[in-house]
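Observations on the three-dimensional arrangement
The residues making up each chain are set out below.
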Amino acid sequence: AEKVEWSFNALNKDNVSEVVDTFYHPDLEFFDPIVKVKGREAMKKYYADMYKNVKEVRFNFNEFVSMGDTVVGVWVMT
């Protein structure tokens, strides 16, 4: 849970590669309503494009649910 919260709140346009390499598995698969991303390099591009004009963002995690090695965080982004 702490690593999830760290990765979301540490990420910015200047450290995309570092955060993705630290947090994400090399064979990651990420899906949201807009995009499907496979692999670290694709995730880096996705975040770099998303964060290029972001001045400040904060994720406030309200709850974490864990099952085995899977963690889901419920958050509000401001």
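Further up the page is the structure itself.
Residues numbered from 1 in each chain as written. Predicted model: local features only at pLDDT ≥ 70, side-chain atom pairs only at ≥ 80, totals over all residues. Heavy atoms only, no water.

Scanning the protein for helices and strands turns up three helices and four strands. Reading the protein from its N terminus to its C terminus gives the helix and strand order α-α-β-β-α-β-β. The C-alpha atoms of the protein give a radius of gyration of 13 Å, which matches the 12 Å a tight globule of 78 residues would have. If one aligns the C-alpha atoms of the protein with their principal axes, the spans along those axes are about 30 × 30 × 25 Å. Taken over 78 residues, the protein has a buried fraction of 23%. Taking all contacts inside the protein whose residues are at least 6 apart in sequence as the whole, residues at least 24 apart take part in 28%. For the protein, the distance from the average site of its 10 positive side-chain charges to the average site of its 13 negative ones is 7 Å. (Helix = DSSP H or I, 4+ residues; strand = E, 2+ residues; numbered from the N terminus. Rg over C-alpha atoms; globule rule 2.2 N^0.38 Å. Buried < 20%, exposed > 50% of the residue type's maximum accessible area, 1.4 Å probe, protein only. Contact = heavy atoms within 4.5 Å. Lys, Arg positive; Asp, Glu negative; His and termini not counted. Charge placed at Lys NZ, Arg CZ, Asp CG, Glu CD.)

On to the nonpolar core, then. In this structure, Leu11, Val20, Tyr24, Met43 and Tyr47 are the most contacted members of the largest nonpolar core, which totals 14 residues. In contact with Tyr47, other than residues within four places in its own chain, are Leu11, Val16, Val20 and Tyr24. (Core = buried A, V, L, I, M, F, W, Y, C linked by side-chain atoms within 4.5 Å.)

Of the strand pairs in this sheet, strand S3 (residues 59-67) and strand S4 (residues 70-77) are connected by eight bridges, and their pairing is antiparallel. Across the sheet, Phe64 pairs through a bridge with Gly73, a residue of S4. Linking S3 to S4, which pair antiparallel, is a turn of two residues; within it Gly68 sits at a positive phi near 65°. (Pairing = 2+ DSSP bridges.)

What follows concerns the pattern of salt bridges. Counted under the stated rule, the structure contains three salt bridges. Between Lys44 and Glu41 there is a salt bridge, with its nearest N and O atoms 3.1 Å apart. Here Glu41 and Lys44 lie together in helix H3 (residues 40-51), a separation of three residues that amounts to about one turn. For Lys44, a relative accessible area of 11% corresponds to the buried category. In this structure, a network of salt bridges that share partners links the residues Asp21, Glu41 and Lys44. (Salt bridge = Lys/Arg side-chain N within 4 Å of Asp/Glu carboxyl O.)

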